[in-house]
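So the chains spell out like this:
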Amino acid sequence: MVHVYREVNGCANLLAKHGKEFKGGYTRFQCMPYWLVKSFDSDRKSVSHPRVEIRDNEGNKLNQLEEYEWKPLFCEICQKIGHQCNREKKAPVKQWREVKDKEKAPLPEVCTPNNPIEQASSSWTEVTKNKRAKGKIVLLEPERIDEVPCQNGYEALDGSVEAGGGDPMNKASTIRNQIGQQWSIIDNYDKHYNGIIWLMWDSSRVRVEKVSSSDQCIHVGIYNLNGTLQQWCMAVYAHNTLNLRRKMWEELENIHKITTGPWLVMGDYNNVLSVNDRLGGNKVKESEYSDLASMMDRVGLFEKESKGDHYTWSNKHSTGTIYSRIDRVIGNLDWHQDNIDFVLVIMEPSVSDHCLLKLQQKHQGHHHKYHFKFPNVVTDIEGFMQEVDKNWNQ
């Protein structure tokens, strides 16, 4: 801050002692030495008296205190230099007043299935930016609505409405009608929201009875039309995560304890069974298949031999293609002995990323003509051409 010092005589005497000529109109910063200006800034209530260093003829140093015949005015009220106020400084007085509690607004009614709102308002209030209607309330008659759809995002938790839109049960009914009445269907909509497993059979040839189901499998018994049990069958569609698949392995072990006779387990396991069950992508680790392999050993389940492609799933990418064998048919010893003349055929995937699995009977004494098929992807395998040259020259 710069304050103008108006006592001209005091400035003139001060400059004369330091050998400087006084000129009218000097401000405090212009006429005072730096150390004096600094003393004003550090302590405005009093002016510090500086000392001057003096040398005698012998070179000794002496500090002489300088005293001045003037003192600037300092206002104790405004805390400023150059004037004094006559008014007294009044301390603020705190006044207390009683504050009344504001009335709390009632909470709005919430429309729930257990507490529906019986009567709604017959009119609506519209806020408009029209200058002529400023400050006015415009009442509009709403359109008559017999049924108000209420979806708050929580319907998917109780399975009432599909989160992505549409009721899956309605879609399932439409598909059943398109299939026809000849085919009977069992699904697991009661255990999984999307009903990911469908079991279909021709009711004119066999009879199927449901034993149990979960979100990953359906267990049924297959009987002939006379009521004789042919085999137990389980359709599986395992989860993508390993921890959830382990629950299904435990479920298989529990069913094995109460099951006697031929037993077939068929479907998508989402799990490899050996290091050779994946081509491309990350290498297969032992931890990926050890749980499934251990369960099969304890229960006594064995994989059915197959013909056709080894891999049953592909990501169908043009680059970074991955092939896996995660769909299979396994059964106990009784089932393999009863179906020794059947073979598992790995069919073409068509529009799906999974191949179709088909159990069909072997044809003896009848030879079919098969066309040679060469998958071009094998040429990208490291060392393919060297292996071809090696076998070609043998």
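The structure this text deals with has already been given above.
Residues numbered from 1 in each chain as written. Predicted model: local features only at pLDDT ≥ 70, side-chain atom pairs only at ≥ 80, totals over all residues. Heavy atoms only, no water.

Draft legend 1. Seen up close, the overall build of the protein chain. Scanning the protein chain for helices and strands turns up 8 helices and 20 strands. Within the protein chain, buried positions represent 27% of all 394 residues. In the protein chain, the proportion of contacts linking residues at least 24 apart, taken out of those at least 6 apart, comes to 45%. Approximately 30300 Å² of the protein chain is accessible, and the part contributed by carbon and sulfur atoms is 51%. (Helix = DSSP H or I, 4+ residues; strand = E, 2+ residues; numbered from the N terminus. Buried < 20%, exposed > 50% of the residue type's maximum accessible area, 1.4 Å probe, protein only. Contact = heavy atoms within 4.5 Å. Areas by Shrake-Rupley, 256 points an atom, 1.4 Å probe, with all protein chains shown as cover.)

Draft legend 2. Fine view of the packing of helix α5 (residues 242-257) against helix α6 (residues 286-299). One way to put it is that α5 packs onto α6 with a least axis distance of 10 Å and a crossing angle of 5 degrees. By the criterion of interaxial angle, the relationship of α5 to α6 is roughly parallel. From α5, Leu242, Arg246, Trp249, Leu252, Glu253 and His256 reach across to α6, where they touch Ser287, Asp291, Leu292, Met295, Arg298 and Val299. A class-by-class count of the residues in the contact of α5 with α6 yields 6 nonpolar, 2 polar and 4 charged. (Axes fitted to C-alpha atoms, helices over the stretch in contact; angles between N-to-C directions. Parallel < 35°, antiparallel > 145°, perpendicular 65-115°, else oblique. Nonpolar A, V, L, I, M, F, W, Y, C, P; charged D, E, K, R; others polar.)

Draft legend 3. Main features of the packing of aromatic side chains. With the rule as written, the count across this model stands at 2 aromatic pairs. Taking the centre distance of 6.1 Å and the plane angle of 40 degrees together, the rings of tyrosine 311 and tyrosine 323 count as tilted. Residue tyrosine 311 is found in the loop between β15 (306-308) and β16 (313-314), and its partner tyrosine 323 is found in strand β17 (residues 323-324); the two are separated by 12 residues along the sequence. We classify tyrosine 323 as partly exposed; its relative accessible area is 24%. Above the plane of the ring of tryptophan 198 lies arginine 176, whose end atom (NZ or CZ) is 5.1 Å from the centre. In this structure, arginine 207 packs its charged tip against the face of tyrosine 223, placed 5.0 Å from the ring centre. (Phe/Tyr/Trp six-rings, centres within 6.5 Å; stacked < 30°, edge-to-face > 60°. Lys NZ or Arg CZ within 6 Å of the ring centre and 35° of its normal.)

Draft legend 4. Quick look at the pairing of strand β10 (residues 217-223). Along β10, 7 of the 7 residues are buried, which leaves the element largely enclosed by surrounding structure. Residue alternation in β10 divides its side chains into two sets, Cys217, His219, Gly221 and Tyr223 and Ile218, Val220 and Ile222, and both sets are buried. Across 6 bridges, strand β9 (residues 207-213) lies against β10 in antiparallel orientation. Residue pairing for β10: lysine 210 is matched across the bridge by valine 220. Examined bridge by bridge, β10 and strand β11 (residues 229-237) share 7 bridges and lie antiparallel to one another. Directly across from isoleucine 222, in β11, lies its bridge partner glutamine 231. Counted between consecutive antiparallel strands, the loop separating β10 from β11 contains 5 residues, among which glycine 227 sits at a positive phi close to 95 degrees. (Pairing = 2+ DSSP bridges.)

Draft legend 5. Local environment of the nonpolar core. In terms of nonpolar packing, the biggest core is built from 20 residues, with Met234, Trp263, Val265, Tyr269, Met295 and Leu301 touching the most fellow members. Of all the elements in the fold, those that place two or more residues in this core are β10, β11, α5, β12 (263-268) and α6. Apart from the residues lying within four places of it in its own chain, the contact partners of methionine 295 are Trp249, Leu252, Glu253 and Leu301. In this structure, Val208, Ala235, Ile346 and Cys355 belong to the second largest nonpolar core, which totals 17 residues. (Core = buried A, V, L, I, M, F, W, Y, C linked by side-chain atoms within 4.5 Å.)

Draft legend 6. Representation of the pattern of salt bridges. Summed over the entire model, instances satisfying the criterion amount to 10 salt bridges. In this structure, aspartate 187 engages arginine 176 in a salt bridge whose closest nitrogen and oxygen atoms are separated by 2.0 Å. Of this pair, aspartate 187 sits in strand β7 (residues 183-187) while arginine 176 is found in helix α4 (residues 168-179), placing the two residues 11 residues apart along the sequence. Its relative accessible area of 15% is what places aspartate 187 among the buried residues. One connected set of salt bridges, linked through shared partners, spans Asp277, Glu303, Arg325 and Arg328. (Salt bridge = Lys/Arg side-chain N within 4 Å of Asp/Glu carboxyl O.)

Draft legend 7. Summary view of unusual backbone geometry. One non-glycine residue with positive phi stands out, namely asparagine 270, at about 50 degrees. Examined against the element boundaries, asparagine 270 turns out to sit in the loop between β12 and β13 (278-279). For asparagine 270, a relative accessible area of 18% corresponds to the buried category. For lysine 316, which is not glycine, the phi dihedral falls at a positive 55 degrees.

Draft legend 8. Expanded view of the sheet that holds β13. Ordered by their spatial adjacency, 3 strands build an open sheet running β13-β17-β16, and the pairing between neighbours is antiparallel. Lying at the two open borders of the sheet, with one neighbouring strand each, are β13 and β16. Examined bridge by bridge, β16 and β17 share 2 bridges and lie antiparallel to one another. Within β17, the residue paired with tryptophan 313 across the bridge is serine 324.

Draft legend 9. Main features of the sheet that holds strand β20 (residues 357-361). If you trace the 3 strands from one edge of the open sheet to the other, you get β15-β19-β20, paired in mixed fashion. Strands with a single pairing partner mark the edges of an open sheet, and in this sheet they are β15 and β20. When the angles between neighbouring strand axes are averaged without regard to direction, this sheet yields 35 degrees. In terms of strand pairing, β15 meets strand β19 (residues 342-346) through 3 bridges, oriented parallel. Along β19, the bridge assignment pairs serine 306 with leucine 344.

Interpretation note: all reported values are geometric properties and have no functional meaning in isolation.
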